[in-house]
Amino acid sequence: MSELNVKYQLGTKENEAFLADVREGLFSFGHNFPAPGGSSYYLGDDGTPWKDRNRETWITSRMAHVYSLASFLGHPGSKELAAAAIKGLRGELHDTANGGWYAGLTADGNILPNKQCYAHAFVILAASSGVLADVPGAKELLDDALALYDLRFWNEEEGLSCDTWNTEFTVLDDYRGLNANMHTVEAFLAAADVTGDEKYRVRAGRIIDHVIGWASANNWRIPEHFTKEWVADLECNKDRPDDQFKPYGATPGHGIEWSRLITQWALSTFKGDKEGASKYITVAENLYNRAIEDAWNADGAPGIVYTTDWNGKPVVHDRMHWTLAEAINTSAVLFHVTGNQKYADNFAEFMQYLDEKVLDHVHGSWFHQLDANNNLIGTVWPGKSDLYHAVQATLIPFYTADLSIAPAVKGGKFC
């Protein structure tokens, strides 16, 4: 095995050193994200804030989470950066009149309309991590975010979350989607781990059981878009297949991400009960393997295609950085949980692709969008909006799979 290959192999000191170096570079790249009020600027190609773009709640929440993680790892100035983002979430991004959080603010400080489940899930994640990092105001933010989410987004009867309200919380959009529910599972697991309130883990499991039903009936390709009655809309956005948040067809990256979250939920729910967890681990493997079979190296060049049709044929061939990050995470988790060498081999392939194509070795961070030939483009994701997916991909492979990443890192819970 050559020296070059060793650093791509899971479990080697060389790989740990490689990802530690990537992680420190990411932490340094994002230092200039805070606006004066605390909301996050969208980062450009070299980490310079793009101050003419909207400052969005989901990005601000991600940066609070990232720099909380950084604080556990001793990165200089990270707690202050996390505190700036928490300040923004408690301040200029919070709607004091109607409750909840604006989608964001425009460059000149006007509010972006609508209240997004997706953004509110990330507020819960940010606050949970901030509590562990002892960031001022994080506990109050978490209490507020959980109460608001319970009131406006969670549907106890359905066991799922709605998607989008108007700003005043008086009109609920008919669209229902799994992207928001996926990040709700992530947020609920973090909330359960941090607060000890197991109702959030139970809720995560209810969402997961719905998703498993839809996926298993659809050859493990997960329907993403639904009507208000939770009927799958498989033709949604067929005329706009690369939509930033609602792309047409199957999104293999989400199949991969769901695989990891299902594994985390099962291991944390069925502690010591291998038989109880095993059927969910099998589901996780089915989701991951379907996504990789459909999307990895599917069109003559390395990389994971963004979307496929319902037969697994690529539709949008672009490679998004977050999809690779989730593939890195999940391949590592499945190897640790199952011992199947295939997943470790996948991980090494993903590492090599990261190093050769996706890492920006000149300006830092990861290229957010490449085309089918792995050339940089920015039609969906110009610049380098935030650090969340990339940072987590340098950590999740090394920590226990039954715990959310912030408590795992703070507690030193290695796998």
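So, here's what we can say about the structure. Because the structure is a prediction, the values reported are computed rather than measured.

## Some thoughts on the overall build of the chain
Here's step 1: On a plain count of helices and strands, the chain comes out with 14 helices and 13 strands.
Here's step 2: On C-alpha atoms alone, the chain measures out to a radius of gyration of 20 Å, which is about the 22 Å that the 2.2 N^0.38 rule sets for 415 residues.
Here's step 3: Along the longest, intermediate and shortest principal axes, the C-alpha atoms of the chain span 60 × 45 × 45 Å.
Here's step 4: For the chain, with 415 residues in total, the buried portion stands at 60%.
Here's step 5: Treating the 35 positive side-chain charges of the chain as one cloud and the 55 negative ones as another, the clouds have centres 3 Å apart.

## Looking at the nonpolar core
Here's step 1: Y67, W258, I328, L354 and W366 are the most contacted members of the largest nonpolar core, which totals 131 residues.
Here's step 2: If you tally residues by element for this core, the top one is helix α5 (residues 117-132), at 11 residues.
Here's step 3: Every residue in contact with W258, bar those within four places of it in the chain, is listed here: L178, N181, M182, V185, I207, I208, V211, I222 and L287.

## Some remarks on the pattern of salt bridges
Here's step 1: Considering all chains together, one arrives at 19 salt bridges under this definition.
Here's step 2: For K199, the salt bridge is made with D150, and the minimal N-O distance between the two is 3.7 Å. You can see K199 sitting in helix α8 (residues 199-216) and its partner D150 sitting in helix α6 (residues 138-152), a full 49 residues away along the chain.
Here's step 3: Its relative accessible area of 24% is what places D150 among the partly exposed residues.
Here's step 4: Between K238 and E235 there is a salt bridge; the shortest N-O distance is 3.3 Å.
Here's step 5: Judged by its relative accessible area of 49%, K238 falls in the partly exposed class.
Here's step 6: Residues joined in a network through salt bridges with shared partners are R221, R290, E293 and D294.

## Here we look at the sheet that holds strand β4 (residues 104-105)
Here's step 1: Strand order across the open sheet formed by three strands is β3-β4-β5, with antiparallel pairing between neighbours. Looking at strand neighbours, the two that pair on one side only are β3 (55-56) and β5 (111-112), the edges of this open sheet.
Here's step 2: Pairing of β3 with β4 involves two bridges; the strand directions are antiparallel. Among the inter-strand pairings, R55 is bridged to a residue of β4, identified as L105.

## Things to note about helix α9 (residues 252-269)
Here's step 1: When the terminal C-alpha atoms of α9 are compared, their 26 Å separation across 18 residues agrees well with the 26 Å that a helix rising 1.5 Å per residue should span.
Here's step 2: Within α9, 16 of the 18 residues are buried, which leaves it mostly tucked inside the rest of the structure.

Conventions we followed
Residues numbered from 1 in each chain as written. Predicted model: local features only at pLDDT ≥ 70, side-chain atom pairs only at ≥ 80, totals over all residues. Heavy atoms only, no water. Helix = DSSP H or I, 4+ residues; strand = E, 2+ residues; numbered from the N terminus. Rg over C-alpha atoms; globule rule 2.2 N^0.38 Å. Buried < 20%, exposed > 50% of the residue type's maximum accessible area, 1.4 Å probe, protein only. Lys, Arg positive; Asp, Glu negative; His and termini not counted. Charge placed at Lys NZ, Arg CZ, Asp CG, Glu CD. Core = buried A, V, L, I, M, F, W, Y, C linked by side-chain atoms within 4.5 Å. Contact = heavy atoms within 4.5 Å. Salt bridge = Lys/Arg side-chain N within 4 Å of Asp/Glu carboxyl O. Pairing = 2+ DSSP bridges. Expected span 1.5 Å × (residues − 1).

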